Amino acid sequence: MELANFRFEVDADGVALATWDMADRSMNVITPQVMEDIGKLIDEVTTNDAIKGCVITSGKDGSFSGGADLTMLQGLGMAYHKLAKQQGEETAMQFFFDESRRLSLLYRRLETCGKPFAAAINGVCLGGAFELALSCHYRVVSDDKATRVGLPEVKVGLFPGAGGTQRVARLMPTGDALQMLFKGEQIRPAAAKSMNLVHEVAPKAEIVAKAKAWVLAGGKPQAPWDAEGYRLPSNKVYSPQGMMIWPAANAIYRRETQNNYPAIKAVLHAVYEGLQLPMDLALKVESRYFAKILRSPEAAAMIRTLFVSMQELNKGARRPAGVPASSLKKVGVIGAGFMGASVAYVTANAGIDVVLIDRDMEAAEKGKAYSHKLVTDQIMKGRAKTADRDALLARITPSADYASLADCDLVIEAVFEDPKVKAEVIARAEAAMPEGAIFGSNTSTLPITGLADTAKRPEQFIGIHFFSPVEKMLLVEVIMAKQTGDKALALALDYVRAIKKTPIVVNDARGFYANRCVGNYLREGHLMLMEGVPPAMIENVAKMAGMPVGPLSLNDEVAIDLALKIVKATKAQLGDAAVDPVQEKLLSTLVETEGRLGRKNRKGFYDYPEKGPKTLWPGLAAIAGQQLDPDALDMEELKQRLLVTQALEAARSVEEGIVTDPREADVGSIIGFGFAPYTGGTLSYIDGMGAKAFVALCEKLAAKYGARFEPNAQLRDMAASGETFYGRAAGARRAA
Ligand code: NAD
């Protein structure tokens, strides 16, 4: 038997071991060829009498498999559209349905082949790969730190379409199953066992032996749901117990998704309908929904941005090709405050040595103590060992002496946001660091080009802009000053990759990219409030539009005095017309009259009591001076305002040459500031409705709410020509 992606051997006891180990990939993925191999495997195991059963495992050291190759699914969608044009909708749909359920049928064939199959899993086993494991009759996972199982498809706008919804919902109570499928979380070994997703947890070295032992002990080649007398964990859908679940499930679905995610709704349908049917029919129902979701604009947008583009950016799509890869050994961080302490942590966590400098040793030590706290929290949660903490802390050297920057490859400053302080720090650091090292600034508001001007080696100067909280936020904006050279860019990107974050490369401008869009989002919330829109409505409408937090909550987190400071600085630099007086009035009243600074002093748009949840501050109504009748408000328009103001700013950033690649605008918008993920990001939102419709929407809003909604010239051109951002970028790449 010829297998392209598996090694196959049968031991003396007659147990086959299929080791999945794709030659040209660091992690196994499901491709058409892998599906073919699995088919051959099933044939061999079932027809060869000498084989008692089979164990499937991975030949990769740290992983089983990440699941299906999403570009394969993307290709399927494209093939559908082509076929629909050539041979009509019906033929295309049949082709699409057949193709999209191949994996589901294959796994069902494995499950019902009559010989026992077991999966021995080490490392991540996700999506389509975990669905493979679920179709095996027995699952052993390693107790390794890196081991995770799960069905994360909803995170890219899809859902598990190879039996996942049906098998999970037959293994555990329906409520738990729905929660797992809705969230798409990665599950650790012990939890997987207690959820009934796996049968056994064992040390890594023993998983194959345990799986084989199960086969030899007469492991039954039958899934529980195929056995006589099987009962659903939450009883039948139409039973008193079963009916307890669905009203709540619908409410939870609405609360969690605001009905923005068709894939999650499809999970609800597939489980509800599937649980009323025998397995084969249930799988067919799941396939029908899967084929529908696979063609949805939300899935297309999310796969493109959150999988394809993100992977491309992580792999260095924007890295200058001519510069050899660097391996960073030591990074200097100057300023051990709120940001610097976190930057030191993520850097040390990536195995890189850090010198953490502040004005005196006490401040530097305090910055290091933050890492101690973070790892200790991890230890308490059982996610790290004391030895991990010791190793990480040993990598951070606190210092008050710039001379300790002598052997750093990169130095990042996170000192006070004051050009004079920055200039002094840059000069002192440059005098101490090696000639060839790169200097990065984490400033959020000062122009990088201006800071680079103060540097001795401006071509080695770059912006490395982190988002707070650094430990959690995946995005890093890498900002090119006019003078920045390729070597600085390459090293900055290598660094971002090393700390496992996603970079977007943007050109220098006020607020760079992300904060410009976020600033507009906050301003729209402020202006709505001053118009008399009830604050609770502003917050809820934002969530309905797909934003993770409302603008008022977000401003409380960012700090209201910071928002006021930025408004004042903008006015000072660009003139009165650059700021909205209504917004300024709101912010100055809150900060200067009321002393409301945000969460940090427990008084912002919300009150933050010592105990219990935050509540909107009742005084907001008096500041607004008027209250509109909520029933008379157009919810759809409020939602549009909050998204359009951000997307329009992204479009302006493109026209101004700040963002040069739509992939970066989209990825940055979702992972940087949570722009409604189902849209695929700020520019996909515009492309999705078409520039013409977007411009019309902007004009409608501009007529009603003012010039801030006026579309820019490039958008108008695109509306006239029917171009899209992605179409233009592809055209530019072809021309280059
Ligand atoms: P912070 O006040 O918490 O920390 C600044 C630290 O720099 C302090 O520990 C201070 O002692 C130290 N420092 C000041 N002058 C110094 C000098 N000459 N030498 C050595 N150390 C010195 O401020 P922060 O919030 O961490 O912000 C730091 C930078 O990061 C700013 O440029 C800010 O714009 C940027 N930033 C902040 C955020 C945020 O959310 N706070 C987000 C992105 C970027």
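All values reported here derive from a predicted model rather than from experimental measurement.

What to know about the pairing of strand β5 (residues 117-121)
In terms of burial, β5 is a largely internal element, five of the five residues being buried. The pairing of strand β3 (residues 53-58) with β5 spans three bridges and is classified as parallel. Considered in β5, the bridge of Ile56 is made with Ala119. The sheet contact formed by β5 and strand β7 (residues 138-142) spans four bridges and is parallel. The residue of β7 that forms the bridge with Ala118 is Tyr138.

A closer look at the pattern of salt bridges
Overall, the coordinates contain 41 salt bridges when judged by the stated rule. Of the charged contacts, one joins Lys422 and Glu413 as a salt bridge, the two residues approaching to 3.0 Å between their closest N and O atoms. Linking Asp661 and Arg663 is a salt bridge whose minimum nitrogen-to-oxygen distance equals 2.8 Å. Neither residue differs from the other here; Asp661 and Arg663 are each classed as buried. Here the salt bridges share partners, and the residues they tie into one network are Arg108, Glu111, Arg167, Asp226 and Asp280.

What to know about the packing of helix α26 (residues 635-655) against helix α29 (residues 691-705)
Axis separation between α26 and α29 bottoms out at 11 Å; the angle between their running directions is 110°. The angle between α26 and α29 falls in the class roughly perpendicular. Here the hand of the crossing between α26 and α29 comes out left-handed. Residues Glu637, Gln640, Arg641, Val644, Ala647 and Leu648 of α26 form the contact with α29, whose participating residues are Phe694, Leu697, Cys698, Lys700, Leu701, Lys704 and Tyr705.

Overview of the site of the ligand
Looking at the ligand, there are 22 residues lining it, with Met339, Asp358, Glu417, Lys422 and Ser444 nearest. Measuring from an oxygen atom of the ligand, one finds a side-chain N or O atom of Glu417 at 2.5 Å. Within the side chain of Lys422, one N or O atom sits 2.5 Å away from an oxygen atom of the ligand. Taking 830 Å² as the accessible area of the ligand by itself, protein coverage stands at 79%. With three residues, the top contributor of residues to the shell around the ligand is helix α17 (residues 419-432). A per-class count over the shell around the ligand returns eleven nonpolar, seven polar and four charged.

Considering the sheet that holds strand β9 (residues 200-202)
Reading across the sheet, the six strands line up as β1-β2-β3-β5-β7-β9 and stay open at both edges, with mixed pairing between neighbours. Strands at the two margins of the open sheet, each flanked by one partner only, are β1 (6-10) and β9. Neighbour-to-neighbour, the strand axes of this sheet turn through a mean angle of 20°, independent of strand direction.

Some words on the side chain of Arg389
Inspection of the secondary structure puts Arg389 in helix α16 (residues 386-394). In this structure, Arg389 is buried with no salt-bridge partner, the nearest side chain bearing the opposite charge being Asp390 at 4.5 Å. Not counting chain neighbours up to four residues away, the residues in contact with Arg389 comprise His372, Val375, Thr376 and Ile379.

Observations regarding the nonpolar core
Membership of the largest hydrophobic core comes to 190 residues, with the highest contact counts inside it found for Ile56 and Leu197. A total of nine residues in this core trace back to one element, the largest contributor, which is α26. For Leu197, the contacting residues outside a window of four places in its chain are Phe130, Leu134, Arg139, Val168, Leu171, Met172, Met180, Ile187 and Ala192. Core analysis: the second largest hydrophobic core is formed by 39 residues, Val333, Leu410, Ile412 and Ala414 among them.

Observations concerning the domain arrangement of the protein chain
Entries for the protein chain in the domain assignment read domain 1 (6-295), domain 2 (330-508) and domain 3 (515-730). Between domain 1 and domain 2, the C-alpha centre-to-centre distance is 42 Å.

Concerning helix α28 (residues 682-689)
Burial within α28 is extensive, with six of its eight residues counted as buried. For α28, the full list of buried residues reads Thr682, Leu683, Ser684, Tyr685, Ile686 and Asp687. Against α13 (297-314), α26, α27 (662-673), α29, α30 (713-721) and α31 (725-735) lie the buried residues of α28. The first or second residue beyond α28 is Gly690, which carries a positive phi of 90°.

Some words on the UniProt feature "domain: 3-hydroxyacyl-CoA dehydrogenase C-terminal" (unreviewed entry) in the protein chain
What UniProt calls "domain: 3-hydroxyacyl-CoA dehydrogenase C-terminal" (unreviewed entry) maps, in this numbering, to residues 511-608. End C-alpha atoms of residues 511-608 are separated by 29 Å, and the span's content is 65% helix alongside 2% strand.

Some words on α17
Structural remark: α-helix, 3.6 residues per turn; residues separated by three or four positions point the same way. End to end, α17 covers 20 Å across 14 residues, agreeing with the expected 20 Å (1.5 Å per residue, within 8%). Along α17, the positions that sit buried rather than exposed are Lys422, Val425, Ile426, Ala429 and Glu430. Along the axis of α17, the buried residues cluster in a sector spanning 125°; they form a single face. In this structure, α17 carries Lys420 and Ala431 as exposed residues pointing more than 90 degrees from its buried face. For α17, the elements touching its buried residues are β10 (330-334), β13 (410-413), β14 (438-441), α18 (448-453) and β15 (461-466). Structurally, the start of α17 carries an N-cap: the backbone nitrogen of Lys420 is 2.8 Å from a side-chain oxygen of Asp418.

Regarding unusual backbone geometry
Geometrically, the link from Ser468 to Pro469 is a cis peptide bond, its omega value of -5° lying close to zero. Tracing the sequence through the fold places Pro469 in the loop between β15 and β16 (475-480). If you check the backbone angles, Phe512 has positive phi at about 50° while not being a glycine. As for its placement among the helices and strands, Phe512 is situated in the loop between β17 (502-507) and α20 (514-531). Owing to a relative accessible area of 1%, Phe512 belongs among the buried residues under this scheme.

A word on the side chain of Thr502
Looking at where Thr502 falls in the secondary structure, it is placed in strand β17. Looking at Thr502, the relative accessible area reads 2%, which means it is buried. Within polar-contact distance, the side chain of Thr502 engages the side chain of Asn314 at 2.8 Å.

Here is what the cut-offs are and how they apply
For every chain, the first residue of the written sequence is number 1, and numbering continues from 1 along that sequence. Local features are withheld for residues below a pLDDT of 70 in this predicted model, meaning they are given only at 70 or higher, and side-chain atom pairs are given and counted only at 80 or more; totals for whole chains, interfaces and linings count all residues. In computing side-chain values, all of the structure's heavy atoms are included and hydrogens and water are not. Only protein chains enter the accessibility calculation, which uses a 1.4 Å probe; a residue whose area is less than 20% of its type maximum is buried, one above 50% is exposed, and one in between is partly exposed. Secondary structure elements are defined from DSSP: runs of H or I of at least 4 residues count as helices, runs of E of at least 2 residues count as strands, and each element is numbered from the N terminus. When DSSP finds two or more bridges between a pair of strands, those strands are recorded as paired. Should a side-chain nitrogen of Lys or Arg be within 4 Å of a carboxyl oxygen of Asp or Glu, the pair is scored as a salt bridge. Only the stretch in contact is used when a helix axis is fitted, and all axes are lines through C-alpha atoms; the angle between N-to-C directions ranges over 0 to 180 degrees. Here the word oblique covers every angle except those under 35 degrees (roughly parallel), over 145 (roughly antiparallel) and from 65 to 115 (roughly perpendicular). By the definition used in this description, the sense in which the near helix is turned from the far one sets the handedness, with an anticlockwise turn below a right angle giving left-handed and a clockwise turn giving right-handed. By the convention used here, residues are in contact when the closest approach between their heavy atoms is within 4.5 Å. Residue proximity to a molecule or strand is established when one non-hydrogen atom of the residue lies within 4 Å of it. Any pair of N or O atoms that falls within 3.5 Å is considered a polar contact. Within protein, one atom must be able to donate a hydrogen and the other to accept it, and sequence-neighbouring residues count only if both atoms are side-chain atoms. In this description, accessible areas are obtained by the Shrake-Rupley approach with a 1.4 Å probe, and a residue is regarded as covered only by the protein chains that are shown. We call Asp, Glu, Lys and Arg charged. Ala, Val, Leu, Ile, Met, Phe, Trp, Tyr, Cys and Pro are nonpolar, and the rest, Gly among them, are polar. Under the convention used here, Asp and Glu are negative, Lys and Arg are positive, and both His and the chain ends fall outside the count. We define the nonpolar core as a collection of buried residues of types Ala, Val, Leu, Ile, Met, Phe, Trp, Tyr and Cys that are connected through side-chain atoms lying within 4.5 Å of one another. The source of the domain bounds is an automatic or database domain assignment. UniProt positions are given in the numbering used here, feature names are shortened, and annotations may be inferred rather than shown by experiment. Expected helix span is taken as 1.5 Å per residue step, with the number of steps being one fewer than the number of residues. The arc refers to the directions leading from the helix axis to the C-beta atoms.

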